[in-house]
4 protein chains.
Amino acid sequence: MTPYTHKVQYYETDKMGITHHSNYIRFCEEARIDFMERLGYGYDQMEADGIGSPVVSVKCDYKKSTTFADVIEIAVKVLELTQVKLTLQYTMTVSGKTVCVAESAHCFLNSKGRILRIDKDLPEFYEKLNALT
Amino acid sequence: MTPYTHKVQYYETDKMGITHHSNYIRFCEEARIDFMERLGYGYDQMEADGIGSPVVSVKCDYKKSTTFADVIEIAVKVLELTQVKLTLQYTMTVSGKTVCVAESAHCFLNSKGRILRIDKDLPEFYEKLNALT
Amino acid sequence: MTPYTHKVQYYETDKMGITHHSNYIRFCEEARIDFMERLGYGYDQMEADGIGSPVVSVKCDYKKSTTFADVIEIAVKVLELTQVKLTLQYTMTVSGKTVCVAESAHCFLNSKGRILRIDKDLPEFYEKLNALT
Amino acid sequence: MTPYTHKVQYYETDKMGITHHSNYIRFCEEARIDFMERLGYGYDQMEADGIGSPVVSVKCDYKKSTTFADVIEIAVKVLELTQVKLTLQYTMTVSGKTVCVAESAHCFLNSKGRILRIDKDLPEFYEKLNALT
């Protein structure tokens, strides 16, 4: 997959003159939504299916600062896939230099809030993710 | 009513070193929610009643910039009240100096999306607002 | 000029299920920066020239709500150009339907904070803008 | 120290009806700034001293969702202090129940971008932090 790109907006900078660190968590979400869409199981489809996908945890290692107008390329990788949890890794680069490496973990819930078994309840999705591990 | 206060957060500044102008619209929302609560008709009550309150329009005149750690006092005033629309005005000051004057207009919808007559459908709320015009 | 496009992100929605109204002010900024860049006087150039461009005022009329994954097309128009102030208008549409009409007014400052005469101090930029009125 | 409190704003929720996960990183920043201020070395003092404090990494474990109007109490703790890095831990609770546990690591730079030795270059601050480990 080609990486997702995010161009840093002026309103995403802070008074240090750099992209505020909280925004990288949002860039991860953008890249993740794009990743799921390209995998054939977009968020709208998921929500239409009555499935919610809460974020269980995130982490972010900031390597280099970025700023307004920088174009960040975000490569998404399946880091770990269990029966109930999907962990994605995001490698963010600007002009080939790594600026941030992040991770997010997710589970999937049905409309009653019960945690789904990804392999059993979403088998097609599981297979596609599994093929990428 | 004593004014609502908002202390400017670091993440609300931008690379010009000042509070990003979009955030004042959010400060208005904070002050409005506080205003409605103190008026005895809070957002949670309103949402529990199945009433939505979309923002019809906003405007903002920026007078002086503010920055990190500034304490903005926001005085809310009923600018206009019609049968279907409520317009509020926000005067924001820092240490007594006006930094921004804003307005927002709102209508009220029932759970089916029909526009409510504030005077007929929300008579108590209307009276309280009317007393402030 | 072809319109600027913004795809609504999940983090830009609120618990009403729609794009939070404050974000449209940010979409205006995105479209404005793109507009200036295509006009040949980008923000980075402007900042490199030591010129700041504070937002004097904004207004926003919300016509229809938008939500996650909507692609908003934003057409930018020079609404008014005086010697010291530039007013832009933003017409935002989704699938051809107007969702929001906004305006923003801007002045330009040199590094000492003095207001610039756009026609005298930034003549090339003024001419380009003037040709679009 | 009494915990820092943040009341969840409407604009901090998303269409799942809960506080968007990226905002917890911002709540950490709010609590951290408050913590440093109460420790006697506020951000404004730090910036006046020409010292920058980039965020090296963050992590966030989400335990329970929160939503609009929830009052989050944030207890800040010095998790680790080395000669060049400070790691803080944030325990966030609502009505006594843990909703999120987060961490952030920070280094300190002088105006030339050189990493400072906290113990040697900021001895008073180091002592105060050390007393809290």
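Participant: How would you explain the relation of the copies chain D and chain B if you had to name every residue and give the values?
Facilitator: Turning one copy of the chain about an axis and sliding it along that axis gives the other copy, so a rotation and a shift relate them. When chain D is fitted onto chain B, the two copies agree to an RMSD of 0.0 Å after a turn of 180 degrees and an axial shift of 0.0 Å. On this basis, the relationship between the two copies can be described by a two-fold rotation axis. In terms of proximity to the rotation axis, the leading residue of chain D is histidine 6 of chain D, whose C-alpha is 5.8 Å off the axis. Both copies present the same face, since 100% of the interface residues in chain D are matched by interface residues at the equivalent positions in chain B.

Participant: An account of the interface of chain D and chain B is requested, with residue identities and associated values reported.
Facilitator: Between chain D and chain B, the residue contacts involve 16 residues of the former and 17 residues of the latter. The junction of chain D with chain B conceals about 1,400 Å² of combined surface from both sides, 53% of it contributed by carbon and sulfur atoms. For the salt bridge of glutamate 37 of chain D with lysine 7 of chain B, the shortest nitrogen-to-oxygen distance reads 3.4 Å. Between chain D and chain B we count eight residue pairs in polar contact (both at pLDDT 80 or more) in total. Elements with a minimum of two residues in the side of chain D that touches chain B: β1 (4–7), α1 (23–38) and α2 (43–48) of chain D. A per-element tally of the side of chain D that touches chain B places α1 of chain D first, with five residues. Along the lines of polarity and charge, the residues of the side of chain D that touches chain B split into six nonpolar, two polar and eight charged.

Participant: Describe the relation of the copies chain A and chain D, listing the residues and the values that go with them.
Facilitator: With an RMSD of 0.0 Å, the fit of chain A onto chain D corresponds to turning through 180 degrees and sliding 0.0 Å along the axis. Mapped onto chain D, 100% of the interface residues of chain A again fall at the interface, so both copies present the same surface.

Participant: Now, about the sheet that holds strand β4 (residues 86–94) of chain A: what can you tell me, with residues and values included?
Facilitator: Spatial ordering of the open sheet is given by β1(A)-β3(A)-β4(A)-β5(A)-β2(A)-β2(D)-β5(D)-β4(D)-β3(D)-β1(D), a layout of ten strands whose pairing is antiparallel. Strands at the two margins of the open sheet, each flanked by one partner only, are β1 (4–7) of chain A together with β1 of chain D. Ignoring strand direction, the axes of neighbouring strands in this sheet form an average angle of 20 degrees. Both strand β2 (residues 55–62) of chain A and strand β5 (residues 97–106) of chain A contribute to a ladder of seven bridges, which runs antiparallel. Bridging across to β5 of chain A, cysteine 60 of chain A finds its partner in alanine 102 of chain A. The sheet contacts of helix α4 (residues 123–131) of chain D involve β3 (71–81) and β4 (86–94) of chain D, and relative to β3 of chain D the element is tilted by about 110 degrees.

What counts and how
- Residues numbered from 1 in each chain as written.
- Chains lettered and ligands numbered in written order.
- Predicted model: local features only at pLDDT ≥ 70, side-chain atom pairs only at ≥ 80, totals over all residues.
- Heavy atoms only, no water.
- Least-squares fit on C-alpha atoms with pLDDT ≥ 70 in both.
- Contact = heavy atoms within 4.5 Å.
- Buried area = accessible area lost by both parts, 1.4 Å probe.
- Salt bridge = Lys/Arg side-chain N within 4 Å of Asp/Glu carboxyl O.
- Polar contact = N/O pair within 3.5 Å; in protein donor to acceptor, adjacent residues only side chain to side chain.
- Helix = DSSP H or I, 4+ residues; strand = E, 2+ residues; numbered from the N terminus.
- Nonpolar A, V, L, I, M, F, W, Y, C, P; charged D, E, K, R; others polar.
- Pairing = 2+ DSSP bridges.
- Axes fitted to C-alpha atoms, helices over the stretch in contact; angles between N-to-C directions.

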